[in-house]
Each structure stands twice: as C-alpha cells, then as structure tokens.
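# Structure at a glance
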Amino acid sequence: MSRDALVSPGELTVTQEVAAGLPDGRRITRWTFGSRTRVMAEVLNLGARLQALYAPDRAGRRANVVLAGGSVEDLLGGAAYLGATVGRYANRIAGGVLPLDGTTHRLATQPPGHTLHGGPDGFATRLWDGVPVRADRQVGVRFRTRSLDGDQGFPGALTAEVTYLLDPDGELSIGYRAVTDAPTVVNLTNHTYFNLAGEGRGSVLDHGLRVEAAGFLPVDGALIPLGPVEPVAGTPFDLRQTRRIGARLAEDHPQIRRAGGGFDHNWVLDGTGFRRAAVLSHPASGRRVECLTTEPGLQVYTGSHFDGSLTGRSGRRYLPYGGIALETQHFPDSPNRPDYPSTLLRPGKQYRSRTVYRFSAE
C-alpha cells in the first residue's frame, strides 16, 4: 500500500495510504500525522476514527495507547465504536423518542429499545471525506460527512465536520462543527478507549483518574439517566482528587453494579467554557493524559463489556477493563430532559465543540 507525504512542516508530518477495502470495494484510508519523535496519531476515514496514538513513557519509549479493531470485520462489528466519531447523537436517547417543536420523531433503535450513538447505522460506520490540514504549529486531518433528512429517523439534513490536529508537544485537538437545514439535535464525541500501559496490555484498574465534577447522573437498568443530578460526595463517583480506578470499582455501590461492575455514567462537569475535565494517569509508565473540553458532560466508561472475543491490532485479546473511554459530550437523553443542557440545532446556527487530549510523561 503506497504512502504519500502530503504535509511536512518541520518535524511534523502527514501521510496518507490505503489501509483496507470494504466488501463493496470502497477504500478505507489511513492518515498518519504528528511528531517523528513524540506523539504520533493514525486516523481512518471509516468512522473518522482515531485508530492509534503513540505516546512516550517517562523513559521516552513510545507505545500505542488506544484500543482499535484489528480487521475490517471488527471495525464494522464489535469494534465499530472504538476510536470513532459517534453521532448524530452520542450516548442514549430513551425509547428512540425525539420530541421537537411539537412533533415526535421515532428514531432507529438498538436492543433493548433505545437509540445509542446515533442508531445502528450511525456515523461510526460511515466513510468520511478527509483532507490534510495545517494550523500554526499543528498538523492533522479534517473529515466531513453529510447525513440526509430522516437518516436514522433524525430530522433535517446535517453536514458534520471533525478536525484532528496534533502539535509537537503532544496535544491532540479534536474540533467539531455541524450545520442543518431544519431543526434537529446534535451531540458528537470521540469514543476512544485509552490504556496508558499500551494497547492490549492488561486492564486500566491500576490507572489513576481525576474528574472535575461535583455531580453525576445516576442511571436505570438500561443506562438511561434517572433524572436529577446527584452529588458525587460520599460515593465512588467522587473523583475530584486522583483515585485508583480499581479501588473505586471495588466499592459496593448500586450504580456500579447497575453498569456491569464499572463506570458507564455522565459526570456533570464543573464550570463553563474551555476547561479541564479529567486527568488519566498510569504510575508504572509515567504516561498521563489531561482532557480539556467545551462540553458540559463527560461520559466515563471503564470497558467492563470486553470479554476476550475482540482481538486488537496488537494481536492481543481485549479483556474486561482493557480500556477507558473519556467521552466529552452533552448529557444522555437530553431531548427528553428539558432540565438538561439543550442539544437543539436550528438552521442558520452552528454546532461547535472542542476537546483536547494533552499527553505527557512524568
């Protein structure tokens, strides 16, 4: 497979190659960009997904720290969300019911009857159009897709963009933009699973996690928020100081049991505007990633569903807690919760969101 150098500002490069083919003959393109000596990323046009991210440990040894499917079949199946841009609506909409301006829209659903990450044929399995970009000291790729009116039941034709940019210091910026021709809802995020020990190398139970949030949303048995925000104080969800993930999940709490023995909840982030949301750290390697965002919420999912049936790019099987997702987003089921921040987008307006993952070693 040929690899073409497209952008080379200083030590930062962007290259493009054909990675694989879909059953219908369309091509999956891989873009590789970043620093030759520090952080390097790989993204695919399939799902506009982050497929690999190489970050150094405290000794300067680089390793891939994100999970990804190892085959086209996995990317279209059990690994469809790994690293992907998910939408039109990240997370869940209860019962696939979308009330909007006096009309109830029925969305496509997945078991057990709710809409998850935009429906069964959401953005994660689409081929996006990609172009290389350069901005100041950053290089990366901009992806675009067009979603027609009625796609997965959502009203309005939507044009969505996601832009990945890396700088020489190891800061990965993900920017989102969307416009519509009719009132709709939009909630985009990136669904990368991190393991700072290295992809496929054990669980994240030994990682430290800090989340800048005094409240979270408890969920029902289908992981739909029950309603009001509850304080994290006095619960395993209090991560306002760095805590070892395994120690928190070992606590006996009904919400941890309800989520299959882990976290799969939305934290209500403190403050507004662009600010720090979370810090994930791995003491053994020294790797650390700081998450900053403009979004009001952070869905933390500790990957308790991994059962060894999925093999990653490394050839190693993903076992329970093999990765942790830090999904910056608006709240689950917001269209049915007037008390939650609105995800409504109208014609003439722009949806914009920005998240940064800042990598370092200490």
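Structural data are supplied above this passage.
These notes cover the structure that comes with them. Source: prediction; values computed, not measured.

### Describing the overall build of the protein chain
Scanning the protein chain from terminus to terminus reveals three helices and 29 strands. Its C-alpha radius of gyration of 19 Å places the protein chain within 12% of the 21 Å reference for a compact globule of 362 residues. With the C-alpha coordinates of the protein chain rotated into their principal frame, the extents come out at 55 × 45 × 40 Å. Buried positions account for 60% of the 362 residues belonging to the protein chain. The contacts in the protein chain between residues at least 6 apart in sequence include a share of 64% that link residues at least 24 apart.

### Observations regarding the pairing of strand β2 (residues 12–21)
Bridge count for β2 against strand β3 (residues 27–35) is nine bridges, and the pairing is antiparallel. Each bridged residue has a counterpart across the sheet, and for A20 the counterpart in β3 is I28. The loop that links β2 with its antiparallel partner β3 comprises five residues; one of these, G25, has a positive phi angle of about 95°.

### Details of the pairing of strand β15 (residues 171–180)
The element β15 is largely enclosed, with a buried count of seven among its 10 residues. Across nine bridges, strand β14 (residues 158–166) lies against β15 in antiparallel orientation. Opposite T163, over in β15, you have G175 as the bridge partner. Between the end of β14 and the start of β15, which pair antiparallel, lie four residues, with G170 showing a positive phi angle near 95°. Inspection of the sheet shows β15 paired to strand β29 (residues 351–361) by eight bridges, in the antiparallel sense. What sits directly across from S173, in β29, is V356.

### Quick look at unusual backbone geometry
Between G87 and the following residue, R88, the backbone shows a cis peptide bond with an omega angle of 10°. Structurally, the position occupied by R88 is in the loop between β7 (85–86) and β8 (92–93). Backbone torsion omega between P111 and P112 reads 10°, so that peptide bond is classified as cis. Assignment of secondary structure puts P112 in the loop between β10 (103–106) and β11 (115–116). You will see that D101, though not glycine, has its phi angle at about 55°, which is positive. Looking at the secondary structure, you find D101 in the loop between β9 (97–100) and β10.

### Focus on the sheet that holds strand β24 (residues 275–281)
Strands in a sheet are paired, the pairing made by backbone hydrogen bonds, and the direction either parallel or antiparallel. Spatially, the nine strands line up as an open sheet ordered β12-β13-β14-β15-β29-β25-β24-β19-β22, and their pairing is antiparallel. Sheet topology places β12 (129–135) and β22 (243–244) at the edges, where each strand pairs with a single neighbour. The pairing of β12 with strand β13 (residues 138–147) spans seven bridges and is classified as antiparallel. Bridging from a neighbouring strand, A135 pairs with Q138 of β13.

### Describing the pattern of salt bridges
Two side chains bearing opposite charge may form a pair once their charged atoms approach each other closely. By the definition in use, this model includes 22 salt bridges. Residues participating in the shared-partner salt-bridge network are E171, R210, E212, R276, E290 and R358.

### Points about the packing of aromatic side chains
Two aromatic rings, taken as a pair, are described by how far apart their centres are and by the angle between their planes. Summed over all chains, the structure comprises 12 aromatic pairs. Between F237 and F263 the ring centres are 5.2 Å apart and the planes differ by 45°, which places this aromatic pair in the tilted class. Taken together, the positions of F237 in the loop between β21 (230–231) and β22 and F263 in the loop between α3 (254–258) and β23 (264–269) put the pair 26 residues apart, joining distant regions of the chain. For the pair shown, F237 and F263 are each scored as buried. Aromatic ring contacts, followed pair by pair, group Y193, Y301, F306 and Y318 into a single cluster. Over the aromatic face of F274 sits the side chain of R354, whose NZ or CZ is 4.5 Å from the ring centroid.

### Side note on the environment of L280
With respect to the element layout, L280 can be found in strand β24. For the pair formed by L280 and I256, sequence separation is 24 residues and the distance between their alpha carbons is 19 Å. Excluding its chain neighbours within four sequence positions, the residues that come into contact with L280 are F194, L196, H207, G208, L209, I245, R287, R288, V289, I324 and L326.

### Comments concerning the side chain of N266
Locating N266 in the fold gives a position in strand β23. Separated by 3.5 Å, the side chain of N266 and the backbone nitrogen of L298 make a polar contact. Apart from residues no more than four positions distant in its own chain, N266 is found in contact with F216, L217, G297, L298, Q299, Q329, H330, F331 and P332.

### A look at the nonpolar core
Ranked by internal contacts, the top residues of the largest apolar core, which has 59 residues, are F33, L53, V211 and W267. Here this core takes five residues from β14, the largest share from any one element. Once you skip the residues sitting within four places of it in the chain, F33 turns out to touch T13, V14, M40, A41, V43, V139, G140, V141, Y164, L165, L166 and L172. In terms of nonpolar packing, the next biggest core, distinct from the first, is built from nine residues, Y193, F306, L310 and A325 among them.

### Some details on the sheet that holds strand β27 (residues 324–329)
Read across the open sheet, the six strands follow the order β18-β27-β26-β23-β20-β21; overall the sheet is antiparallel. Single-partner strands in this sheet number two, and they are β18 (193–194) and β21. In the sheet, strand β20 (residues 213–217) pairs with β23 via four bridges, with the strands oriented antiparallel. In the strand pairing of β23, A213 is matched with L269.

The rules we used
- Residues numbered from 1 in each chain as written.
- Predicted model: local features only at pLDDT ≥ 70, side-chain atom pairs only at ≥ 80, totals over all residues.
- Heavy atoms only, no water.
- Helix = DSSP H or I, 4+ residues; strand = E, 2+ residues; numbered from the N terminus.
- Rg over C-alpha atoms; globule rule 2.2 N^0.38 Å.
- Buried < 20%, exposed > 50% of the residue type's maximum accessible area, 1.4 Å probe, protein only.
- Contact = heavy atoms within 4.5 Å.
- Pairing = 2+ DSSP bridges.
- Salt bridge = Lys/Arg side-chain N within 4 Å of Asp/Glu carboxyl O.
- Phe/Tyr/Trp six-rings, centres within 6.5 Å; stacked < 30°, edge-to-face > 60°.
- Lys NZ or Arg CZ within 6 Å of the ring centre and 35° of its normal.
- Polar contact = N/O pair within 3.5 Å; in protein donor to acceptor, adjacent residues only side chain to side chain.
- Core = buried A, V, L, I, M, F, W, Y, C linked by side-chain atoms within 4.5 Å.

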